[in-house]
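What follows is the residue order along each chain.
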Amino acid sequence: MTTVTGEAAFDLSLTEEQQLVQRTARGFAAERLLPRAAEFDQKGEVPTEIVRELGSLGFMGINIPDEWGGSGLDMVTYVLALEEINRACASTGVIMSSHVSLVCDPLLRFGSPEQKSRFLRPLASGEQLGCFALSEPGAGSDAAAMRSSARRDGDGWVLNGTKNFITNGARADVALVFAQTDPAQKHRGIAAFIVERGTPGFSVGKLEHKLGIRGSDTAQLIFQDCRVPDAHLLGAADEGFKIALATLDGGRISIAAQAVGIARACLEDSVGYAKEREAFGQRIGDFQAIQWMIADMATGIDAARLLTWRAAAMKDRGERYGPDAAMAKLFASDVVMKAARDCIQIFGGYGYLTDFPAERHYRDAKITEIYEGTSEIMKLVIAEDMLGE
Ligand code: CAA
């Protein structure tokens, strides 16, 4: 059961280390991302040098123990950093969170010591980039309906199929790929494989053109008689679906943090503009219509952030946190959609122009209601927790 009954109170104070990481991420975001976020969006690419810099700061393996090349920080610290990165550039935010939450985290949780040593270490240190390949042209919310297959062949597996909507797909060094080993077993016949770029039979297909988060690549991945050794199977052969869903539980906290970050950008930009712009002989911030929008944004952001922190703290404590992560993502994505709409409204006609960041926030916000589980799937997860056995 989620924390609706109120037992899961948590300490809201941040440690010195958490504050230091927050300040570091804020400084990096202000200096390296904010001035160029519009350019990344227009060119459709966050340069590799930015991803490398995130690696040098220790952010690409932020919550992975240092034993495996990461920074060894907790999930709360990770979401603090993510909020700051996303406040400046949501494209950079999702490159980082797909890599950390959807690839490093499952390798840490389900990988063998050999797999951690070989694959997790270079990923967590930021030398390499990872992607998570679950969705397919005909299987999004209904992930178990995937058609990609993994056939046993001697001491390995042969993968065939197409994966869609894969964040970081075009440039990832390592892909975590889910495939059916036995369709008759449905979700219990799904396995997870670690596939390296350059493996024969693995290629990148078309790159998608998107409404928002345009600086992060979204690619199709194609597997044609792609042979992977047994040593690249993550967990047991019948555990792939559970690995995918358990991974997404954590990913959803990072998308909630992304939504909070984008919403904060909407709020801060709106406040700045409302203090400067004048109409009818006064600052537009003196009008109640604008004040109410700003008050709603600020309240929504704070509530969404608290849900996000709570889900992160529950993960850190080793508690069951899936429904709480779903609540945080559901609420935060709703908050950012309203904040982005109101931000454009406050900017008026200027909000509609690409000269100002409001329209980018609006485009970037929408995906938070879709990827890593739609808002409808989040409600399903929460309701199942309330009503299930
Ligand atoms: N963790 C671990 N296991 C879980 C789980 C969880 N959170 N939730 C369910 N399971 C297990 C169940 O115990 C069950 O196992 P058994 O049968 O062995 O007991 C099994 O999974 C199936 O459970 P359900 O019958 O509840 O599964 P379902 O097929 O009805 O699906 C769902 C439930 C909630 C709809 C789930 O499919 C889901 O979350 N779908 C959304 C998928 C999604 O988020 N896709 C996003 C793609 S990734 C992406 O966007 C990446 C990107 O690049 C940014």
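These notes cover the structure that comes with them. (Residues numbered from 1 in each chain as written. Predicted model: local features only at pLDDT ≥ 70, side-chain atom pairs only at ≥ 80, totals over all residues. Heavy atoms only, no water.)

Here we take up the pattern of salt bridges. Following the criterion strictly, the structure yields 34 salt bridges and no others. In this structure, the salt-bridge partner of Asp 269 is Arg 87, at a minimum N-O distance of 3.6 Å. On the criterion of sequence distance, the pair formed by Asp 269 in helix H7 (residues 240-276) and Arg 87 in helix H4 (residues 75-88) is long-range, its members being 182 residues apart. For Asp 269, a relative accessible area of 18% puts it in the buried group. Judged by its relative accessible area of 12%, Arg 87 is buried. (Salt bridge = Lys/Arg side-chain N within 4 Å of Asp/Glu carboxyl O. Helix = DSSP H or I, 4+ residues; strand = E, 2+ residues; numbered from the N terminus. Buried < 20%, exposed > 50% of the residue type's maximum accessible area, 1.4 Å probe, protein only.)

Another point: helix H9 (residues 322-347). Here H9 is 26 residues long and its end C-alpha atoms lie 37 Å apart, about the 38 Å a rise of 1.5 Å per residue gives. Among the 26 residues that make up H9, 19 are buried, leaving the element largely enclosed by the rest of the structure. Remark: Gly 348 follows H9 within two positions and exhibits a positive phi of approximately 60 degrees. (Expected span 1.5 Å × (residues − 1).)

What follows covers the packing of aromatic side chains. Overall, the coordinates contain seven aromatic pairs when judged by the stated rule. Ring geometry for Phe 202 and Phe 223: centres 4.8 Å apart, planes at 10 degrees, overall stacked. Residue Phe 202 is found in strand E6 (residues 202-207), and its partner Phe 223 is found in strand E7 (residues 218-229); the two are separated by 21 residues along the sequence. Summarising the burial analysis for this pair, Phe 202 and Phe 223 share the class buried. Chaining the aromatic ring pairs together yields one cluster made of Tyr 273, Phe 347, Tyr 350 and Phe 356. (Phe/Tyr/Trp six-rings, centres within 6.5 Å; stacked < 30°, edge-to-face > 60°.)

Attention shifts here to the pairing of strand E5 (residues 190-196). Of all seven residues in E5, six are buried, a share of seventy percent or more. Where strand E4 (residues 174-180) and E5 come together, seven bridges link them in antiparallel fashion. Within E5, the position partnered with Val 177 by the bridge is Phe 193. The sheet contact formed by E5 and strand E8 (residues 233-234) spans two bridges and is antiparallel. Looking at E8, one finds that Phe 193 is bridged to Leu 233. (Pairing = 2+ DSSP bridges.)

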